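What the coordinates show
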Amino acid sequence: MGVSPQGNGDLWTEARINGGYSDSGGRLFYLQGGYAPEKLGFFYRMMMKPMAGSVVRQVQARGEAATDQERRMAEIFQHGGDFVREEALDEIVRWFREGPHDGEVKAVPSVDI
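We now turn to the structure provided with this report. The structure presented is a predicted model; accordingly, all values stated were derived computationally and were not measured.

1. Structural notes on the overall build of the protein
- Secondary structure assignment for the protein yields four helices and two strands.
- The helix and strand sequence of the protein, counted from the amino end, reads α-β-α-α-β-α.
- Residue burial in the protein is summarised as follows: out of 113 residues, 23% are buried.
- In the protein, the proportion of contacts linking residues at least 24 apart, taken out of those at least 6 apart, comes to 55%.
- When the accessible surface of the protein is split by element, carbon and sulfur atoms take 53% of a total near 8,400 Å².

This is the structure in structure tokens:
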């Protein structure tokens, strides 16, 4: 789960290459979440404050050259954002229901939203 519209990093690169699975065989899903700076505890607020300021300053410095994605990220760092969508769970629920998963899942969960 994260703020970015798509997962990133080595694990997600593996998943894209391997059809949604890590190199070790585990199924990977990504759910976009959000960011609520007002809900952060003191330690995390202090940790995020310089990073948020840096992102906002960089986007402002780029002016018209800043991309829409960069502007959205600056806005999220400043004011927060919630991107949780019920339909994002569809792929996960479908995967559970398709089972069996060779010992990965012992029971198909009931998902009521």
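2. Some points on a nonpolar patch on the surface
- Residues Phe-43, Tyr-44 and Met-47 make up a contiguous nonpolar surface patch of roughly 350 Å² in combined accessible area.
- In this structure, Met-47 sits in helix H2 (residues 42-62).

3. Focus: the nonpolar core
- Residues Tyr-35, Met-48, Ala-52, Val-55, Val-56, Val-59, Ala-66, Ala-74, Ile-76 and Phe-77 constitute the largest nonpolar core, which totals ten residues.
- Those elements giving two or more residues to this core turn out to be H2 and helix H3 (68-79).
- With five residues, H2 is the single largest residue contributor to this core.
- Apart from residues no more than four positions distant in its own chain, Ala-74 is found in contact with Val-55, Val-56 and Val-59.

4. Some words on H2
- The end-to-end C-alpha distance of H2 is 31 Å, a good match for the 30 Å that 21 residues give at a rise of 1.5 Å each.
- Remark: the principal bend of H2, roughly 30°, maps to Met-48, with a proline, Pro-50, within the next four residues.
- Every buried residue of H2 is listed here: Met-48, Ala-52, Val-55, Val-56 and Val-59.
- Each element contacted by the buried residues of H2 is listed here: strand E1 (34-35) and H3.
- At the exit of H2 stands Gly-63, carrying a positive phi of roughly 55°.

About the thresholds
- Residue positions are given per chain, counted from 1 along the sequence in the order it is written.
- Local features in a predicted model are, by the rule used here, given only for residues with pLDDT of at least 70; side-chain atom pairs are given and counted only at 80 or more, and totals for whole chains, interfaces and linings are based on all residues.
- Hydrogen atoms and water are omitted, and side-chain values are computed over all heavy atoms in the structure.
- A run of DSSP states H or I qualifies as a helix once it reaches four residues; a run of E qualifies as a strand once it reaches two. Both are numbered from the N-terminal end.
- Between buried and exposed lies partly exposed: a residue is buried under 20% and exposed over 50% of the maximum accessible area for its type, with that area taken using a 1.4 Å probe on protein chains only.
- We call two residues in contact whenever any of their non-hydrogen atoms come within 4.5 Å of each other.
- Computed with a 1.4 Å probe, the accessible areas rest on the Shrake-Rupley method; for each residue, only the protein chains presented here act as cover.
- Nonpolar side chains (Val, Leu, Ile, Met, Phe, Trp, Tyr) are joined into patches within 5 Å and like charges within 9 Å, using only residues with over 30% relative accessible area and no salt bridge.
- A side-chain nitrogen of Lys or Arg and a carboxyl oxygen of Asp or Glu constitute a salt bridge if their distance falls within 4 Å.
- Here the nonpolar core consists of buried residues drawn from Ala, Val, Leu, Ile, Met, Phe, Trp, Tyr and Cys, with membership extended through side-chain atoms lying within 4.5 Å.
- Multiplying one less than the number of residues by 1.5 Å gives the expected span of a helix.
- One axis fitted to the seven residues ending at a residue, another fitted to the seven starting there: the angle between these axes is the bend at that residue.

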